[in-house]
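Breakdown of the fold
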Amino acid sequence: MRTRSIVSEGKGIELASELVRMGARLQLLEAEIGLSREKLLKLYKEVKGESPPKGMLPFSTDWFMTWQPNIHASLFMSLYRFLLDHTGARGLHALIKAYRLYLEHVQLNDSEPVLTLTRAWTLIRFFEARMLQWARCNGCGGNFVAHAYDLTHNYTCGLCHVPARAGKTRRAVPVIGTVDHAVAAIV
Amino acid sequence: MTGAEIHNEIREVNLAYLMLAQQLVRADRDSAVFRLGISTQLAEVIERLTPGQVLRMASSSMLLCRLRFEDRMLTDLLASHEREAGMSRLHAAILAAGEPVEHLA
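Remember, it's a predicted structure, so these values are computed and weren't measured experimentally.

**What about the packing of helix H1 (residues 3–27) of chain B against helix H3 (residues 40–48) of chain B?**
Residues and elements named next belong to chain B.
- Following both chains from N to C, one finds H1 and H3 inclined at 110 degrees, their axes separated by 9 Å at the closest point. Classified by the angle their axes make, H1 and H3 are roughly perpendicular. Two secondary-structure elements touch here, H1 through Ala-21, Gln-22, Val-25 and Arg-26 and H3 through Ala-43, Ile-46 and Glu-47.

Below, the structure is given as structure tokens:
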């Protein structure tokens, strides 16, 4: 038995279902919540109404280095660190609160939440394992996510120096096109 | 604006600020600490204020809250309209999360 008391098991179930609603994958639950895999699997199916996706979690730190993910990851990680530095929130609670603040920010600005909860959790683990580190931007003084052992004393962030065609993804362009066509069709 | 008008306006802003702050802290203290930019201790003090204390504090002739971001960069970003607004707000949020909070002296 991994959990001894019913009360702590109840708390685990509550926390796990909250995490599933926020988009956590089964691996996150297995690592963070002391419930059996069978229980977590059942809970996942009950909350989501479908089986959890199979396959491994993304394990590369490179994803966090591309332009848009880097900005979103830096925002989330800054929020997470703020909570650790200035409040009593720790562990999963800090993850959930920081992720909520991140989502709120992204939704206020009408952009897509690029970082999923599971990615955010992976990001924290990468930091703890010292595979990623902070880099201070020379332009704005903000802290951004960078590879460990990168030379960062001359670092400029992707927002101070926006690369050409940044954010103009294949996905973003056709949407505008179809809206225009739709409007043209109506007119 | 006459002296009495100024005093009235200040009291209203103070009252709105204190009531909002109290609500935020009561709903979720940790997020409130981030939103308000104050320390946990200060948040606890605000949480414990009675309605009478809130009223007395609000009717001072000075503003109780002040500009949080003295950083020139941050004010530039928050006020800028040149670039895509969403991106500069995202940038400002990253910088703001790195700012220190108000502490109890």
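So that's the structure; there's more coming.
**Here we look at the nonpolar core**
- Counting 65 residues, the largest nonpolar core has Phe76(A), Leu79(A), Ala98(A), Tyr102(A) and Ala120(A) as the members making the most contacts within it.
- Here this core takes nine residues from helix H4 (residues 67–86) of chain A, the largest share from any one element.
- Among residues more than four places away in sequence, those in contact with Leu79(A) are Ala98(A), Leu101(A), Tyr102(A) and Ala97(B).

**Overview of the pairing of strand E1 (residues 132–136) of chain A**
Residue and element names in this part refer to chain A.
- Examined bridge by bridge, E1 and strand E2 (residues 143–147) share five bridges and lie antiparallel to one another. Each bridged residue has a counterpart across the sheet, and for Trp-134 the counterpart in E2 is Val-145.
- Hairpin connection from E1 to E2: six residues lie between these consecutive antiparallel strands, with Gly-141 at a positive phi of about 80 degrees.

**A few points about the packing of helix H1 (residues 6–21) of chain A against helix H3 (residues 37–48) of chain A**
Residues and elements named next belong to chain A.
- Running from N to C, H1 and H3 point in directions that differ by 50 degrees, and their axes come no closer than 10 Å. Considering the angle they form, H1 stands oblique to H3. Remark: the crossing between H1 and H3 carries right-handed chirality. Taken together, the residues of H3 that come into contact with H1 (itself represented by Ile-13, Ala-16, Ser-17, Val-20 and Arg-21) are Leu-40, Leu-43, Tyr-44, Val-47 and Lys-48.
- A per-class count over the contact of H1 with H3 returns seven nonpolar, one polar and two charged.

**A closer look at the environment of Ala21(B)**
All names here are of chain B.
- Following the sequence through the fold, Ala-21 ends up in helix H1.
- Since 22 C-beta atoms lie within 10 Å of it, Ala-21 is described here as buried.
- Considering only alpha carbons, one finds Ala-21 and Ala-32, 11 residues apart in sequence, at a separation of 7.6 Å.

**Quick look at the confidence of the model for chain B**
- Across chain B, the average pLDDT comes to 86, with 93% of residues at 70 or higher.
- In the model output, the complex is listed with pTM 0.84 alongside ipTM 0.83.

**Some thoughts on the interface of chain A and chain B**
- Counting from both sides, the interface comprises 22 residues of chain A and, opposite them, 18 residues of chain B.
- Among the elements of the structure, H4 and helix H5 (91–108) of chain A are those that each provide at least two residues to the side of chain A that touches chain B.
- The element contributing the most residues to the side of chain A that touches chain B is H4(A), with eight residues.
- Tallied by class, residues from the side of chain A that touches chain B come to nine nonpolar, 11 polar and two charged.

**Some words on H5(A)**
Residues and elements named next belong to chain A.
- For H5, built from 18 residues, the straight-helix expectation of 26 Å at 1.5 Å per residue is met to within 8% by its first-to-last C-alpha distance of 26 Å.
- Of all the positions in H5, only Ala-94, Leu-95, Ala-98, Tyr-99, Leu-101, Tyr-102, His-105 and Val-106 are classed as buried. Seen from one end, H5 has its buried residues packed into an arc of 165 degrees, which puts them on one side. Among the exposed residues of H5, those oriented more than 90 degrees off its buried face are Gln-107 and Leu-108.

Conventions adopted
- Residues numbered from 1 in each chain as written.
- Chains lettered and ligands numbered in written order.
- Predicted model: local features only at pLDDT ≥ 70, side-chain atom pairs only at ≥ 80, totals over all residues.
- Axes fitted to C-alpha atoms, helices over the stretch in contact; angles between N-to-C directions.
- Helix = DSSP H or I, 4+ residues; strand = E, 2+ residues; numbered from the N terminus.
- Parallel < 35°, antiparallel > 145°, perpendicular 65-115°, else oblique.
- Contact = placed C-beta atoms within 7 Å.
- Core = buried A, V, L, I, M, F, W, Y, C linked by C-beta atoms within 7 Å.
- Buried ≥ 20, exposed ≤ 12 C-beta atoms within 10 Å, placed from the backbone.
- Pairing = 2+ DSSP bridges.
- Left-handed = near helix turned anticlockwise from the far one by under 90°.
- Nonpolar A, V, L, I, M, F, W, Y, C, P; charged D, E, K, R; others polar.
- pLDDT = per-residue confidence, 0-100.
- Expected span 1.5 Å × (residues − 1).
- Arc of directions from axis to C-beta.

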